[in-house]
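# Results of the structural survey
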Amino acid sequence: MITDKQVMILGAGNMGSCLLGGICRAKLVPPDHIIITGLRKDYLESLAGQWGVHWTTDNKKAVEQADVIMLCLKPQAIGRVLTEIKGYLNPNQLIITIAAGVTTSYISAQIDSVNPVVRVMPNIASLVDEGAAAISVGDHGDDHHLEITAQIFRAVGRVVFVREDLLDAVTGLSGSGPAYIYMVIEALSDGGVKMGLPREIALDLAAQTVLGAARLIQETGIHPAVLRDQVLTPGGTTIAAVHDLETSGLRSMLISAVETATRRSKELSSQA
Ligand SMILES: NC(=O)c1ccc[n+]([C@@H]2O[C@H](COP(=O)([O-])OP(=O)(O)OC[C@H]3O[C@@H](n4cnc5c(N)ncnc54)[C@H](OP(=O)(O)O)[C@@H]3O)[C@@H](O)[C@H]2O)c1
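Structure report, in brief. Note that the coordinates shown come from a computational prediction; the quantities given were computed from them, not determined experimentally.

## Thoughts on the overall build of the chain
If you tally the helices and strands in the chain, you get twelve helices and eight strands. By its C-alpha atoms, the chain is 70 × 40 × 30 Å across when sized along the principal axes. Looking at the chain as a whole, 41% of its 272 residues qualify as buried. In the chain, the share of contacts with a sequence separation of at least 24, taken over all contacts with a separation of at least 6, comes to 62%. Carbon and sulfur atoms make up 58% of the accessible area of the chain, which totals about 15100 Å².

## What to know about helix α6 (residues 143-154)
Its twelve residues place the ends of α6 16 Å apart at the C-alpha level, agreeing with the 16 Å of an ideal helix rising 1.5 Å per residue. Every buried residue belonging to α6 is among His 145, Leu 146, Ile 148, Thr 149, Ala 150, Gln 151, Ile 152 and Phe 153, and all of these are buried. Residues of α6 that are buried make contact with α1 (14-25), β4 (68-71), β5 (94-97), β6 (117-121), β7 (131-137) and β8 (157-161). The N-terminus of α6 is capped by Asp 142, whose side-chain oxygen sits 3.0 Å from the backbone nitrogen of His 144.

## Notes on the packing of aromatic side chains
In the structure shown here, the tally under the stated rule is zero aromatic pairs. Taking NZ or CZ as reference, Arg 40 lies 4.6 Å from the ring centre of Tyr 43, over its face.

## Observations regarding the site of the ligand
With respect to spatial proximity, 22 residues lie near the ligand, and among them Asn 14, Met 15, Arg 40, Asn 59 and Leu 73 are the closest. Contacts to the ligand include Arg 40, whose side-chain N or O atom sits 2.8 Å from an oxygen atom. With respect to the ligand, the backbone of Leu 73 contributes an N or O atom lying 2.6 Å from an oxygen atom. Within the complex, 79% of the 890 Å² of free accessible area of the ligand lies under protein. According to the grid-proximity analysis, the pocket containing the ligand is the second largest pocket. Secondary structure elements with two or more residues in the shell around the ligand: α1 and α4 (75-85).

## Digging into the pattern of salt bridges
Under the defined criterion, the tally for this structure stands at ten salt bridges. Note that Arg 119 is salt-bridged to Glu 164, the shortest N-O span being 2.9 Å. In this pair, Arg 119 is assigned in strand β6 and Glu 164 in the loop between β8 and α7 (167-175), connecting sequence segments 45 residues apart. Each member of the pair Arg 119 and Glu 164 is classed as buried. For Arg 251, the salt bridge goes to Glu 246, with nearest N and O atoms at 2.7 Å.

## As for the layout of surface pockets
A water-sized probe rolled over the atoms picks out the places where empty space is left. The space that makes up the second largest pocket amounts to roughly 980 Å³. Residue lining of the second largest pocket: 38 residues in total, with Met 15, Cys 72, Leu 73, Lys 74 and Pro 75 positioned closest to the centre. When contributions to the lining of the second largest pocket are tallied by element, the ones reaching two or more residues are α1, α4, α7 and α12 (250-271). Among the residues forming the lining of the second largest pocket, the class breakdown is 19 nonpolar, 14 polar and five charged. Per-domain counts for the lining of the second largest pocket show at least three residues from each of domain 1 (7-167) and domain 2 (175-270).

## A few points about the environment of Tyr 182
With respect to the element layout, Tyr 182 can be found in helix α8 (residues 177-194). A relative accessible area of 53% places Tyr 182 in the exposed class. Between the C-alpha atom of Tyr 182 and that of Asp 42, which follows or precedes it by 140 residues, the distance is 33 Å.

## Brief notes about the sheet that holds β4
The strand order across the open sheet built from eight strands is β3-β2-β1-β4-β5-β6-β7-β8, with neighbouring strands paired in mixed fashion. The open sheet has two free edges, formed respectively by β3 (54-56) and β8, since each of these has just one partner strand. Across this sheet, the average inter-strand angle for adjacent strands is 20°, counted without regard to direction. Note: β7 against β8, five bridges, orientation parallel. From the neighbouring strand, Ala 134 faces β8, where its bridge partner is Val 160.

About the thresholds
Numbers given for residues are sequential positions, taken from 1 along each chain in its written order. In view of the model being predicted, local features appear only for residues whose pLDDT reaches at least 70, and side-chain atom pairs are presented and counted only at 80 or more, with totals across whole chains, interfaces and linings using the full set of residues. Heavy atoms from the whole structure form the basis of all side-chain values; hydrogens and water molecules are not counted. Runs of H or I in DSSP of at least four residues are treated as helices and runs of E of at least two as strands, each being numbered from the N terminus. Relative accessibility under 20% of the residue-type maximum defines a buried residue, over 50% an exposed one, and the middle range a partly exposed one, all with a 1.4 Å probe and only protein chains included. Residues count as neighbours in contact if any of their non-hydrogen atoms are within 4.5 Å of one another. To measure how exposed things are, a 1.4 Å probe is used in the Shrake-Rupley method; for residues, cover is taken only from the protein chains shown. One fewer than the residue count of a helix, multiplied by 1.5 Å, yields its expected span. Contacts described as polar in this section are N or O atom pairs within 3.5 Å, which, within protein, must combine one atom able to donate a hydrogen with one able to accept it, while residues neighboring in sequence count only if both atoms come from side chains. Only rings of Phe, Tyr and Trp enter the pairing, Trp through its six-membered ring, and a pair is recorded when the two centres are within 6.5 Å. The plane angle decides the type: under 30 degrees is stacked, over 60 is edge-to-face, the rest tilted. Throughout this description, the term charge over a ring refers to an Arg CZ or Lys NZ atom that lies within 6 Å of the ring centre and within 35 degrees of the ring normal. Any residue with at least one heavy atom within 4 Å of a molecule or strand is counted as near it. Method remark: on a 1 Å grid restricted to protein atoms, a set of points is classed as a cavity if a 1.4 Å probe fits but cannot get out and as a pocket if it is open with protein on both sides within 12 Å along at least five of seven lines; lining residues have an atom within 4 Å of a point. Each molecule is assigned to a cavity or pocket provided more than half of its atoms lie within 2 Å of the corresponding grid points. Put simply, a salt bridge is a Lys or Arg side-chain nitrogen that is within 4 Å of an Asp or Glu carboxyl oxygen. Grid points are joined across faces, edges and corners, and a volume is the space filled by probe spheres set on the points. Polar here means any residue outside two lists: the nonpolar Ala, Val, Leu, Ile, Met, Phe, Trp, Tyr, Cys and Pro, and the charged Asp, Glu, Lys and Arg; Gly therefore counts as polar. Boundary definitions for the domains trace back to an automatic or database domain assignment. Here the rule is simple: two strands pair whenever DSSP picks up at least two bridges between them. Axes, fitted as lines to C-alpha atoms, cover a helix only where it is in contact. Angles between the N-to-C directions of the axes lie from 0 to 180 degrees.

Given below as structure tokens:
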């Protein structure tokens, strides 16, 4: 569906270059159908050379040729760039935005047009093709636009579809979530070090334990509580540790973390 499209990545920074890599590795579109833009010529030339795609610092010129425009800018740059390109858009072009807190209705109002706008909240694990992205469509888009967007984000991980008002909760869970899990992994490896393991080995075991536990949930579809029960030997080591975690409120802390980050995401969106 996307193979014959001209794709523009507007703002090929961390996320933009990561999506570029995903699109190219998955061969979603031929490299000569892709154009990336940014502010620094040397950087763009080198990134474009790596994947064999086109580049320019002229957003307007690139927009005119694109079928799909991926806005990968920082939220504070979005308004300025939309003002710059609005006169060069045609109403059939799909606009995909990943800017945190920037709504599809804001984008539609800025460009004053009926272009379909799809909003995505990805996360940093897209860098290793294990991203979690939630996708929602604005007023002028439909399932076809959602599917084109999903194809792109499936190239760098998993995709779910949600209503746009739930994207703050997505930010609180999977958007900010890698940071929570890094803390968990670091703490687990500290525990290993405390019990005498060399740091490198402890970190390796901790990270692989998180990865493996997550994989088991995804591959078996079994609820985590059931999987946990399966590793609790009566009177054994794990149930003793689980009791400790319950007493310390691990579950309650993580629930609160998601709630707090969701609330903060809402605050930031309303300020934007
Ligand atoms: N990073 C994440 O984990 C993550 C997760 C979820 C959502 N997001 C969202 O993704 C968006 C991008 O984040 P990021 O971390 O990729 O930021 P970033 O690395 O700063 O990328 C933004 C890029 O846009 C370029 N740019 C700035 N003004 C421009 C203009 N007028 N025309 C063309 N390009 C321009 C910047 O160029 P220079 O580098 O030369 O300034 C930079 O390369 C943000 O809105 C963020 O909310 C990020």
